[in-house]
Amino acid sequence: MAGNTVEYTIGGVKIHFPCKAYPSQLAMMNSIVRGLNHGQHCLLESPTGSGKSLALLCSALAWQQAQYSICFPLSLTEENSACKRSTLSSRLSEKLQASLTTEREQGDDDDFKTDGKRMRAPLVTEIFVVKLFFILFPQSPVSCSLCPCASLRDGQKAGEKAKDKDKEVNGKKTIPKIFFGTRTHKQITQLARELKRTLYSTVPMTILSSRDHTCVHPEVMPHANRNERCKELLEAKNGRSCRFYHNVHKMREQSSLQWVHGLHQAWDIEELVCLGSKLRSCAYYAARELMQEACIVFCPYNYLLDPLIRNSMEINLKGQIVVLDEAHNIEDCARESASFTLNQTQLLQSREEIEGLVTYNIRRSNHEPLLAFCCSLLNWIEESSSALQERDYESACKVWTGKEVLGIFHGLGITAGTFSALQKHLEVVLEKEERISLVNGREDAVQIPTISSSTQSVLTSLFMVLEFLFRQNCRFADDYRVALQQSYIWTTQQDALDVHGFFARPSRRRQSTRTKKLVHTLSFWCLNPAVAFSDLSDSVRSIVLTSGTLSPMGSFSSELGIKFSIQLEASHVISKSQVWVGTVGMGPQGRRLCATFQHTETFAFQDEVGALLLKVCQTVSRGVLCFLPSYKMLDKLRDRWMNTGLWEKLEERKTVIAEPRGGAKSDFDELLQTYYEAIGQSGPRDGALLIAVCRGKVSEGLDFTDDNARAVVTIGIPFPNIKDLQVELKMKYNDQHSKSRGLLPGGRWYEIQAYRALNQALGRCIRHRNDWGALILVDDRFRANPNKYITGLSKWVRQLVKHHDNFTSAIQSLVSFSQIQQGAVQTHIEELGQMAPSSVSGSDTPTLLSPVDSLVLPQSSEVQTVVPSVNSTAEPGTWSQLKMYSWFSTPGPEISPAHCFFSLLSTYLNQQLTGKHKQQVLYDQDWDPVS
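About the cut-offs
- Residues numbered from 1 in each chain as written.
- Predicted model: local features only at pLDDT ≥ 70, side-chain atom pairs only at ≥ 80, totals over all residues.
- Heavy atoms only, no water.
- Pairing = 2+ DSSP bridges.
- Helix = DSSP H or I, 4+ residues; strand = E, 2+ residues; numbered from the N terminus.
- Axes fitted to C-alpha atoms, helices over the stretch in contact; angles between N-to-C directions.
- Contact = heavy atoms within 4.5 Å.
- Salt bridge = Lys/Arg side-chain N within 4 Å of Asp/Glu carboxyl O.
- Buried < 20%, exposed > 50% of the residue type's maximum accessible area, 1.4 Å probe, protein only.

### Details of the sheet that holds strand β7 (residues 321-324)
Here is step 1 of the chain: Taken in spatial order, the seven strands make up an open sheet running β5-β6-β4-β7-β15-β3-β16, and their pairing is parallel. The two strands at the open ends of the sheet, each matched to only one other strand, are β5 (205-207) and β16 (566-569). Shown here is a sheet whose adjacent strand axes are inclined to one another by a mean of 15°, direction ignored.
Here is step 2 of the chain: Where β7 meets strand β15 (residues 542-547), four bridges bridge the pair, whose relative direction is parallel. Within the sheet, the bridge partner assigned to Val322 lies in β15 and is Ile543.
Here is step 3 of the chain: Across the sheet, helix α8 (residues 185-196) lies against β4 (178-182), β5 and β6 (296-300), angled at about 155° from β6, the strand it touches most.

What follows is the structure in structure tokens.
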């Protein structure tokens, strides 16, 4: 929780911020509150390291809590009148004794009740502690559904619950949930850590994730396909079910999660998994169940965009708030979520499986139409493969528009009417059904076989694309291109056995043979991200897109098909002296550096770039990141530098690590750990050099703070592969619709993809206000044509760019900058060493108090604290002094129940109060909370 909470009132919403906000954070919060108040969409860029996530969380949750206060105001009339008649201690003691007496009198009768479930009514003290909390802190984010008095509502009959639900649907205002999407699970962990710093850390929440991150079943975890193994256990195919799933009730309610299991503050997925292991409960399904009562839901944003994932996770976005952080790739993600690619082999396997079910007369009437669909599609692929046109070496293709494909499908008998029938048949065959049959002479329930998960995936994905094509009288048909591609892949085959079961050659001479295999691939490509985004824009209340690298921002509105009424390009929180931004167009030998395809193939360019990188490593200490446009260039440079000896020189100066193409996540994490350890070690090598690729794993979402990235070097401009068929089709599509739909021309769209990837790479440096580093853009095009190439950079970068005519001036300026920054850091460290420990602050980022780890009964003491006056009409920041005392020494039987209650109350408030609500809050018999 926050240590020094600052309150801001923006747009009528009181926002509790854990520290004094930066101007960029205030601008972010102002934009978000305005958007949520008016149901408008927001497009917000705030540089990395400027506290963007904290501003997003606090403003969105404060707005949500304000809506709760408006719709469900807390009535204090009864408490106000009661508190004026007697002291707090006498009232509570009387009520407590009365409640205990009543329970004793009624206890015997309760044992003989046969109708209904026995329920324990909450003690008066339990209800009072929550009401007291809301009296002291009316803006508290603690949900009333989590307090003990919620058990009264839990005891209502089903008819009353249904009536309340109808009221919500039929006119009663419902409070929107916040769905917070980001790119990776690691970024969700960072968000949970930020939320824990705030006054809103107790808000009901959940994190949606895959089984790969949440499954704790010991039999499922070792499997490569955890989804398939999990489904087998749930279906009890081998007579064994998942005991973890049957225990999901232990942690599926927000109240039990916070009040029983101790996750009363913001948690991340690892904490939920640990709790699931401890309770032998399924964290995957618990997280999904927790969504029902959650105020904020975190998930990767493809869970919100992809209609298949959205349906499987039962996510309903109607009237909700959608926040998409790190949204610079949202256009690509939206296009991919409405696209699908499969090969001929997958379709053949699906056909064979369905054919087997038809043969055995299993749901024959439903499987036969699906079999006919697969056969028609396979026949069309076979016929069309003879009409393909050569494109590159050993590859050929043919492309149809969406409208042309619908015409072809009409000839195959697949129309809007028949497709609707096919969807119903698929729904039926996916349903689980049991049939009574004789098993070993006894009647038993036998589950009817269903299609495998791979066939399910093929058919559901195909039907998802077709649903978009047929939707609203084929509205999106022109937004699709269907490509049939032919290529060859190399396969490895071992020696086969002869007719007698023996190998033809001895094992020592046995060898595998590589053969080329012809492959046909059918792709349904959506070229308009507005197709997938239409599901969101037509139903949600507000969409907030934010990232540190949204620039250029002009394409989002036209590409996504929604109007962003509120847009913001925030400035950075650092001073100009903390970052060196320069373009370098010449190398140490005076050769011009222009990273186009023709130049990058030459040894002269490769050697010049290597010499430049070596000089940077000799100038800048600790961590250096170098980003290249492609893996192909990385391989070429590495091979050349190893042959010339330059790679060895780089390794003499720093530990050199190259980003791998693909590979397991564990291998990549190990590589990063090697990089971090090399930077922290002292020795002959000064830090490490990490050579990575734009749009790769290193450039997306990783935090290289302080010494981990004192310089970022970008080589060239990372344009997409112009020869890629999908890129080519997208450019032609934009040119075709640039005037009618306001889309950017294809060439401009192509350039923007490069700038966004470049800005994302540059954003790995400067991660907080006291950070410093150098951004070195190596390519002469930046200097030669700044109006074209500089305007695409982020606002804070383009304001600081300096062009250097030669390498000597650039490196001299970089040396001077590095020496000044290192000297400033050393001076700061010496000053801190002379200060008292109590006044030392490691950085300008506000230090936040950590939560109390365990409850400790307070000893006899007198503590003075500051809490807000409930009836005060003064301006925010006016506080009344209250003295509270405790009479506790050690717990024992002589302590009254009222004393024990206030012991728990004081320790609870000690944990929850932050900022000016701090110190130990203890009990004073004469204190009146309303006086």
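### Describing the pattern of salt bridges
Here is step 1 of the chain: Using the criterion set out here, one finds 28 salt bridges in the structure.
Here is step 2 of the chain: The partner of Arg591 in a salt bridge is Glu608, and the shortest N-O contact between them spans 3.1 Å. Here Glu608 lies in helix α26 (residues 603-619) and Arg591 lies in the loop between β17 (579-584) and α25 (597-600), a separation of 17 residues in the sequence.
Here is step 3 of the chain: Given a relative accessible area of 41%, Arg591 falls into the partly exposed group.
Here is step 4 of the chain: Arg748 is the partner of Glu751 in a salt bridge, and the nearest nitrogen-oxygen pair spans 3.5 Å. Here Glu751 and its partner Arg748 are both found in helix α31 (residues 746-762), three residues apart, which amounts to about one turn of the helix.
Here is step 5 of the chain: Under the relative-accessibility criterion, Glu751 is labelled buried at 15%.
Here is step 6 of the chain: By relative accessible area, which is 30% here, Arg748 ends up partly exposed.
Here is step 7 of the chain: Three or more residues joined by partner-sharing salt bridges are found here, namely Arg310, Glu467, Arg471 and Asp535.

### Remarks on the sheet that holds strand β21 (residues 711-715)
Here is step 1 of the chain: Reading across from one edge, β19-β20-β18-β21-β22-β17-β23 is the order of the seven strands in this open sheet, with parallel pairing throughout. The open sheet terminates on both sides in strands that have one partner only, identified here as β19 (655-658) and β23 (802-804). Sheet twist, expressed as the average angle between the axes of neighbouring strands with direction ignored, equals 20°.
Here is step 2 of the chain: Direction of pairing for β17 relative to strand β22 (residues 773-778): parallel, over a ladder of six bridges. Within β22, the position partnered with Val579 by the bridge is Gly773.
Here is step 3 of the chain: Across the sheet, helix α29 (residues 665-680) lies against β18 (623-628), β19 and β20 (688-693), angled at about 150° from β20, the strand it touches most.

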